[in-house]
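# Notes for the structure review
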Amino acid sequence: MEKFEVLQSTAVPLPIENIDTDQIIPARFLKATSREGFGENLFRDWRFDNAGQPKADFVMNTGRYSGKILVAGKNFGCGSSREHAAWAIYDAGFKVVISSFFADIFKGNALNNGLLPLQVSDEVLARLLAQIEQDPQTTLVVNLVNQELEVPVWEEKISFEIDAYKKECLINGYDDIDFLVNQKEAIEQYESNRPWAY
Amino acid sequence: MAKTLLDKIWDAHVVKSIPGGLDVFYIDRHLIHEVTSPQAFDEIEARGLPLFRKEQIVATADHNVPTKNQHLPIQEPLSRFQVDKLTENCAKHNIELYGLGHEKQGIVHVMGPELGITQPGMTIVCGDSHTSTHGAFGAIAFGIGTSQVAQVMASQCLLLSKPKSMRITVDGDVRPGVTAKDIILYVISKLGTGGATGYFVEYAGSAFRNLSMEGRMTVCNMSIEMGARGGMIAPDQTTFDYLNGREFAPKGERWDQAVAYWSTLFTEEGAAFDKELTFDAADIAPMITFGTNPGMGMAIDALIPTEVPVSEQASYSKSLQYMGFQPGESLLGKEIQYVFIGSCTNSRIEDLRQVARFVQGKKKAPHVEAIIVPGSKQVEKQAIEEGIDKVLAEAGFELREPGCSACLAMNEDKIPAGAYCVSTSNRNFEGRQGPGSRTLLASPLVAAITAVEGKIVDITQYLN
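### Some details on the environment of alanine 204 of chain B
Residue and element names in this part refer to chain B.
- Secondary-structure assignment places alanine 204 in strand S10 (residues 199–204).
- You can call alanine 204 buried: its relative accessible area is 15%.
- Distance in space between the C-alpha atoms of alanine 204 and arginine 167 is 6.9 Å, their sequence separation being 37 residues.
- Among residues more than four places away in sequence, those in contact with alanine 204 are Arg167, Ile168, Thr169 and Val170.

Below you can see the structure in the form of structure tokens.
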């Protein structure tokens, strides 16, 4: 997993609530057996028409916005457990998703892939979306080490929460699998001492 | 301190707690399928890790399989490759696979319970969000991402923080025509699509207690549609009667020991939940959804709501525009082109029986295409034994072969753009059943009546 400490970037606003994983990556694109290449179908049916032509009014096609940060409406990533959603966002070049609420499984999947789900309040989210829409050149600084989202144009630093273990993983590029495999002895001991086993 | 059902099962599966509040959490059963497992196999192979407990993994092919001519090679090359990859991976790692054509094949959440793989008190995971289904047996069951699939393959454990607990109590008798699906669609309409995010839900009260295991599975299945990673119902005599004699259920003396243990799995008097909600069963009507998330549901004869919070207005308008509906409008009389009866929510034998009972001696409306996809080979076999296949055929319904089918439209079973489909599945997201498709979620009973009438009707007048 790639390491993450500080990211400075402009952002892409997507002010829609309850964006589900079927919008992020429709099921018909889940047939690949590798992790690569899902980015080209990110937001497929919002981004492209039936003939595969870009829809001019979609936020990723207008040419107005760019950057490695996606700022999206409340309850981002609801629906299916497909990790392909996190892969698609990452593969399309985003390193951070900012929203005021994330669905559980998506959040875990993002963290397992070095994609930071950054939760802010509804109020901050509304201000951020308005700011970016008004000035697409607005730069945001995501400082994971200090757990701060800096908006230089506001002269404001907004702190955010993240699980301490997950933060360490992101900063160092570690993942759970190494940790768990190292617990083998404890796991075997647990298995041999269970009062009821299946 | 009094413990909840969740506490009891959770605590029994903690290998160790690590500083910062995470638990190394043990998994009893791991179900895998063709779509979310290939990258996990690649990952453990790339790291040179062996499968830690392969005998605790069961595989099936369901998401991406055709529902016609399953005896022939899969036509679509990418789908065939993905299903072949599962077969190859299972053979290489010596994992039990109920693949396409196998007598035990089926939708993973139909297959596990009907074979007795799913048991009370277990922890069960699968790379699929509807793994919450198995909670109907009083198990901790939840969907995981592919990185976690690899973690379980490598260690039989996950690193998790214990979820918050919510109890949803529905007491009283339901009205005629109200099924398990209506109860859960009602609850989701009250909580919204993110209302239970971060929680595990325990369903309590007589409305759930009176349901069959099939009905309880329908309820727990849709827990994720309000954001809850899992839902559960304490095991009772209904659970034990369902499991007794199933292939992988304990037998003989072991069965008695199991029932004795399972009987301890309930929430103790006075145990505290992080959140408690109570509804009255008598308030629940046959339900239907009108929007593009499962929280956008209402009584079938109600009017589409006009009042929504300011912050949600843009998303709400976008949703209704996609569906071609207006705020304040009734759905009664709306013409429907497709009816889909299937998915891990409603494709069990009880669902098929209910449809057959209603359509017996009737015909579907000529303009409607009505497809029924059984949840498994076992369900299909039983339907044929009971003559349900003939009843459906005479009514003009097409009985297909098992799989996830038009619930997520990964295979060729798709609803065309702009068409309306009354579906017994679990998600009405934009394009879920095919690009541009418009889904209205409902119970198998509502779906059957809609197919016959060709339009949305107030079902209460059909119930005598």
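### Some remarks on unusual backbone geometry
- In this structure, phenylalanine 43 of chain A takes a positive phi of about 50° despite not being glycine.
- Residue position: phenylalanine 43 of chain A is located in the loop between helix H1 (21–24) and helix H2 (44–47).
- Of note, serine 343 of chain B is a non-glycine position whose phi angle comes to about 85°, a positive value.
- Given a relative accessible area of 1%, serine 343 of chain B falls into the buried group.

### Notes on the interface of chain B and chain A
- At the interface, 76 residues of chain B touch 54 residues of chain A.
- Between chain B and chain A, the buried area comes to about 5,200 Å², and carbon and sulfur atoms account for 58% of it.
- Our enumeration of links across chain B and chain A arrives at seven salt bridges.
- Linking aspartate 175 of chain A and arginine 47 of chain B is a salt bridge whose minimum nitrogen-to-oxygen distance equals 2.7 Å.
- On the surface where chain B and chain A come into contact, there are 28 residue pairs in polar contact (both at pLDDT 80 or more).
- At the level of elements, strand S1 (14–18), strand S2 (22–26), helix H2 (38–46), helix H3 (77–93), helix H5 (146–155), strand S8 (157–160), helix H10 (252–262) and helix H11 (313–323) of chain B are the ones that each hand at least two residues to the side of chain B that touches chain A.

### Details of the pairing of strand S7 (residues 148–151) of chain A
Residues and elements named next belong to chain A.
- Burial along S7 is one-sided: the residues Leu149 and Val151 are buried and none of Glu148 and Glu150 is.
- Where strand S6 (residues 140–143) lies against S7, three bridges are found, and the strand directions are antiparallel. Across the sheet, the residue bridging to valine 142 is leucine 149, located in S7.
- Hairpin geometry of S6 and S7 is characterised by an intervening segment of four residues between the two adjacent antiparallel strands and by a positive phi of about 55° at glutamine 147.

### Describing the state of the cysteines
- Going through the model one piece at a time under the given rule, you end up with zero disulfides over all chains.
- Here cysteine 90 of chain B is not cross-linked by a disulfide; its sulfur's nearest cysteine counterpart is in cysteine 126 of chain B, at 12 Å.
- We classify cysteine 90 of chain B as buried; its relative accessible area is 2%.
- Of the cysteine sulfurs around cysteine 157 of chain B, a residue in no disulfide, the closest is that of cysteine 169 of chain A, at 16 Å.

### Examining the sheet that holds strand S17 (residues 398–399) of chain B
Residues and elements named next belong to chain B.
- Spatially, five strands are ordered S17-S16-S15-S18-S19 in an open sheet, and the strand pairing comes out parallel. Each edge of the open sheet carries a strand with a single partner, namely S17 and strand S19 (438–441).
- Here strand S15 (residues 338–341) runs beside strand S18 (residues 420–423); their pairing, made up of three bridges, is parallel. When the sheet's bridge partners are listed, tyrosine 338 is paired in S18 with cysteine 421.
- Seen against the sheet, H11 touches S18 and S19 and runs at an angle of roughly 105° to S19.

### Some remarks on helix H13 (residues 377–385) of chain B
Residues and elements named next belong to chain B.
- Taken residue by residue, H13 has Lys377, Val379, Glu380 and Ala383 as its buried positions. Down the axis of H13, the sector holding all buried residues measures 160°, keeping them to one side. For H13, the exposed residues set more than 90 degrees away from the buried face come down to Lys381 and Glu385.
- Buried residues in H13 make contact with helix H4 (108–114), helix H12 (349–359) and helix H14 (388–394).
- A positive phi of about 80° marks glycine 387, the residue just after H13.

### Focus: the sheet that holds strand S8 (residues 156–159) of chain A
Residues and elements named next belong to chain A.
- Strand order across the open sheet formed by four strands is S1-S6-S7-S8, with antiparallel pairing between neighbours. What marks the edges here is a single partner per strand, and that holds for strand S1 (6–9) and S8. With direction set aside, neighbouring strand axes in the sheet form an average angle of 15°.

### Let's talk about the packing of aromatic side chains
- Tallied over the full model, the rule gives 20 aromatic pairs over all chains.
- Ring geometry for phenylalanine 43 of chain A and tryptophan 46 of chain A: centres 6.0 Å apart, planes at 5°, overall stacked. Residue phenylalanine 43 of chain A shares its accessibility class with tryptophan 46 of chain A, and that shared class is buried.
- Taken together, the ring pairs connect Phe43, Trp46 and Phe58 of chain A into an aromatic cluster.
- The residue whose ring lies beneath lysine 95 of chain A is tyrosine 90 of chain A, and the NZ or CZ to ring-centre distance is 4.2 Å.
- The ring of tyrosine 242 of chain B is capped by arginine 246 of chain B, whose NZ or CZ atom sits 3.7 Å from the centre of that ring.

Cut-offs and rules
Residues numbered from 1 in each chain as written. Chains lettered and ligands numbered in written order. Predicted model: local features only at pLDDT ≥ 70, side-chain atom pairs only at ≥ 80, totals over all residues. Heavy atoms only, no water. Helix = DSSP H or I, 4+ residues; strand = E, 2+ residues; numbered from the N terminus. Buried < 20%, exposed > 50% of the residue type's maximum accessible area, 1.4 Å probe, protein only. Contact = heavy atoms within 4.5 Å. Buried area = accessible area lost by both parts, 1.4 Å probe. Salt bridge = Lys/Arg side-chain N within 4 Å of Asp/Glu carboxyl O. Polar contact = N/O pair within 3.5 Å; in protein donor to acceptor, adjacent residues only side chain to side chain. Pairing = 2+ DSSP bridges. Disulfide = S-S within 2.5 Å. Axes fitted to C-alpha atoms, helices over the stretch in contact; angles between N-to-C directions. Arc of directions from axis to C-beta. Phe/Tyr/Trp six-rings, centres within 6.5 Å; stacked < 30°, edge-to-face > 60°. Lys NZ or Arg CZ within 6 Å of the ring centre and 35° of its normal.

So yeah, pure geometry; function would need other evidence.
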